[in-house]
Amino acid sequence: MSYPSRPADLPPTVNCPYCLSHIDTSRARRVIRNIATQEVVDDVTDAVRRRGLLGVASYDRGNTYLECRREVRLDLVQGEYDYPGTADPLDDMTTVVMNRPGEDSPTAAFTDGIGFDDPEEDESAGPSPFSLADDADEDGDGWESTTGAQPSPPLPPPADENELPEPHYIPYEYCQVRRTLNIGLIGTSSSGKSHLLAAMLYRMQEEEERLAELGLKVEPFAEMWEYYVQREDIAGFFAPDRRTVLRRTSRNDPVEFRMAYTVTSTWTGEEPYVVSFFDVAGELFLDSKARSRLQFIYGLDAYIFVADGQALYGWGGKRRGLRHPSGFSNVINKLRQNERLVARAKGKTPQNPLPQPAVVVLAKADLLLAQKEYWVSRWLELDDDFVLKTVDEESEDVYVYCATNGAREWLYPVNAFEDVTLHFASATGCEEQDGHYNKRKFRHMRVLRPLLSLFAMTGLIDPKTINHAYVKGVREPL
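Here's what I pulled together on the structure shown here. Keep in mind it's a predicted model, so treat the numbers as computed, not measured.

**As for the layout of surface pockets**
Argument step 1. Size it by volume and the largest pocket reaches roughly 1,200 Å³.
Argument step 2. Looking at the largest pocket, it is lined by 39 residues, and the ones nearest its centre are Y298, G299, L300, D301 and Q356.
Argument step 3. At five residues, the largest contribution of residues to the lining of the largest pocket is made by helix α7 (residues 328–345).
Argument step 4. Space inside the second largest pocket adds up to approximately 560 Å³.
Argument step 5. Lining of the second largest pocket is provided by 28 residues; of these, S190, G192, H195, K364 and Y437 occupy positions nearest its centre.
Argument step 6. The set of elements that each furnish at least two residues to the lining of the second largest pocket consists of α3 (193–206) and α8 (365–369).
Argument step 7. Take the lining of the second largest pocket: its biggest share by element is four residues, from α3.
Argument step 8. Residues belonging to the lining of the second largest pocket are distributed by class as follows: eight nonpolar, twelve polar and eight charged.

Below, the structure is given as structure tokens:
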């Protein structure tokens, strides 16, 4: 009996959200993956091709992933880049020249695909006297016959912290859903991205009924949420009797969804969305070598720019700028350049401003509140996450505050994107001391408001909730 090359629950191609390539689903492997160790524990390709996810044990369906590797990519949407392990250009036809003392004309030193570290450049000349032959272990006892040494096993090449790991894996449930909303948090290290995201996700779980009033039904990817809340630092951050500081995101952390949800909206119809969040190390946004790991930013549907409220230099109305760059301009410049290049390749006019929506969140605003900053105190102490008609008014106040306090760099997204709102927020409500937050003062302050504003700008909820016009391509209510 023959089976189809791909299950009916997947389209012929799927876009990889990490490298932005098109994946041929008829050739890609389906695997069971341990989300904690990032290891593949089983190949279920044949079972899934026969019966879809019904061919996988129920307890493993949430751990099923589609593998994205070079062999199954139809193209690379935003431009191909080299992966670790690809051939060195010196392995092809190469000529290296040098000048001898007193000679004007160069002399070819190496040619015809010879590498600098190739011990046997000319096979006709025989092996080098300074290298061991491949069969130096003549008697098969595991010891070199020539030197008497036991050869060491070859070491795997070290992972390149600047490269996107190969292969990478996409949750199978993500591949099944046609409509996606991929959101990226942008900001430098210690700006508060991870704390803000954790507070957002926690509040989404708590506010299920109030989200339903907006027409949203939000369901997390179960295994992903389970692993996330069981992380030691996340569990300590959520625990009322602990309130520990989250660990710093490492640049070696996998470039994958930090969390993903299936969201159904009565505003857009019954067809679900997958809403996913990216949170990567902040130093990547300032490092030109890390462009491979940042490939995902070109495929995002919305952006959350996180400004570090602690970075303002000076207090008491005597602001003199920022202690360190925000990284916003680096990302915006990359996006603008990509928009130009892609538009030219398609013979179209680049979109200016950029078409995606964005929010700017002035995080750690509780530290500014302690300094009796008027613009901050006016908003931060309000419990108005779901009172969205004042979003534009708040945006104006945040703009004025940044513009008059040496933080115009935080306003770059306002001119770069078509639709932007600005917000004051705090993930903790207090400053950390010795790795912990004050358990009595700890609170999430206005962390859902930026996310709901994004939902309105993308048309996931009624755009009129934030006094904005209808979003292009989204139907009006019946």
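Now that the structure has been shown, we can carry on.
**A few points about the pairing of strand β13 (residues 269–278)**
Argument step 1. Across the ten residues that make up β13, a large majority, seven, are buried.
Argument step 2. Two strands pair when backbone bridges link them, and strand β10 (residues 179–186) and β13 are joined in this way by six bridges, in the parallel orientation. Its bridge partner lying in β13, N182 is registered against S276.
Argument step 3. Linking strand β12 (residues 257–265) to β13, which pair antiparallel, is a turn of three residues.

**What about the nonpolar core?**
Argument step 1. The biggest cluster of nonpolar side chains holds 124 residues, and the ones touching the most others in it are I183, F277, I304, F417 and F455.
Argument step 2. When sequence neighbours within four positions are dropped, the list of residues in contact with F277 reads I183, L185, L197, L201, M204, E256, F257, R258, M259, Y261 and L451.

**Some points on the sheet that holds strand β3 (residues 30–34)**
Argument step 1. In spatial order, the strands read β4-β3-β5-β9; together these four strands make up an open sheet with antiparallel pairing. Looking at the sheet topology across the chains shown, the edges are occupied by β4 (39–43) and β9 (168–171). In this sheet, neighbouring strand axes are inclined to one another by 50° on average, regardless of whether the strands run parallel or antiparallel.
Argument step 2. Pairing of β3 with strand β5 (residues 64–68), which is carried by three bridges, proceeds in the antiparallel orientation. Following the sheet pairing, I32 is matched in β5 by T64.

**Observations regarding empty space enclosed by the protein**
Argument step 1. What the rule picks out here adds up to three cavities of 30 Å³ or more.
Argument step 2. For the largest cavity, the calculated volume is near 70 Å³.
Argument step 3. Contributing to the lining of the largest cavity are S194, L197, Y228, R231, I234, L246, R247, T249, D253, R258 and D279.
Argument step 4. For the lining of the largest cavity, a count of residues per class yields four nonpolar, two polar and five charged.

**What to know about the side chain of E67**
Argument step 1. One can find E67 in strand β5.
Argument step 2. A distance of 2.9 Å separates polar atoms of two side chains, one belonging to E67 and the other to R29.
Argument step 3. Ignoring anything within four residues of it in the chain, the contact list for E67 reads I23, A28, R29, V72, P167, H168 and Y169.

**Focus on the sheet that holds strand β16 (residues 417–424)**
Argument step 1. Spatially, the seven strands line up as an open sheet ordered β11-β12-β13-β10-β14-β15-β16, and their pairing is mixed. Edge positions in the sheet fall to β11 (216–220) and β16, since each of these pairs with one other strand and no more. Mean inter-strand twist for the sheet, computed between neighbouring axes without regard to direction, equals 20°.
Argument step 2. Alignment of β11 against β12, held across five bridges, turns out to be antiparallel. Of the residues in β12, the one forming a bridge with L216 is S265.
Argument step 3. Helix α5 (residues 222–230) contacts β11 and β12 of the sheet and is inclined by roughly 135° relative to β12.
Argument step 4. This element, helix α12 (residues 448–457), spans β10, β11, β13, β14 (302–308), β15 (354–363) and β16 of the sheet and lies at about 170° to β15.

**A look at unusual backbone geometry**
Argument step 1. In this chain, E166 is followed by P167 through a cis amide linkage whose omega measures -5°.
Argument step 2. The amide bond that connects N352 to the next residue, P353, takes the cis arrangement and shows omega of 5°.
Argument step 3. As for its placement among the helices and strands, P353 is situated in the loop between α7 and β15.
Argument step 4. With a phi angle near 55°, D434 is a residue other than glycine that sits in the positive phi range.
Argument step 5. With respect to the helices, strands and loops of the structure, D434 is situated in the loop between β17 (432–433) and β18 (436–437).
Argument step 6. Among the residues examined, D434 registers a relative accessible area of 78% and is labelled exposed.

**Focus on α5**
Argument step 1. Among the residues of α5, those classed as buried are M224, W225 and Y228. For α5, the arc enclosing every buried residue in end-on projection is 95°, short of the 170-degree limit, so these residues lie on one face.
Argument step 2. Packed against the buried residues of α5 are β9, α3, β11, α6 (232–238) and β12.

**Some words on the packing of α3 against α12**
Argument step 1. Remark: α3 packs on α12, axes separated minimally by 9 Å, with the N-to-C direction vectors making an angle of 75°. By the angle between their directions, the pair α3 and α12 is classed as roughly perpendicular. On α12, the residues that touch M200, R203 and M204 of α3 are L448, P450 and L451.
Argument step 2. Residues that form the contact of α3 with α12 fall into these classes: five nonpolar, no polar and one charged.

What counts, and where the lines are drawn
Residues numbered from 1 in each chain as written. Predicted model: local features only at pLDDT ≥ 70, side-chain atom pairs only at ≥ 80, totals over all residues. Heavy atoms only, no water. 1 Å grid on protein atoms, 1.4 Å probe; cavity = no way out; pocket = protein on both sides within 12 Å on 5 of 7 lines; lining within 4 Å. Points joined across faces, edges and corners; volume = space filled by probe spheres on them. Helix = DSSP H or I, 4+ residues; strand = E, 2+ residues; numbered from the N terminus. Nonpolar A, V, L, I, M, F, W, Y, C, P; charged D, E, K, R; others polar. Buried < 20%, exposed > 50% of the residue type's maximum accessible area, 1.4 Å probe, protein only. Pairing = 2+ DSSP bridges. Core = buried A, V, L, I, M, F, W, Y, C linked by side-chain atoms within 4.5 Å. Contact = heavy atoms within 4.5 Å. Axes fitted to C-alpha atoms, helices over the stretch in contact; angles between N-to-C directions. Polar contact = N/O pair within 3.5 Å; in protein donor to acceptor, adjacent residues only side chain to side chain. Arc of directions from axis to C-beta. Parallel < 35°, antiparallel > 145°, perpendicular 65-115°, else oblique.

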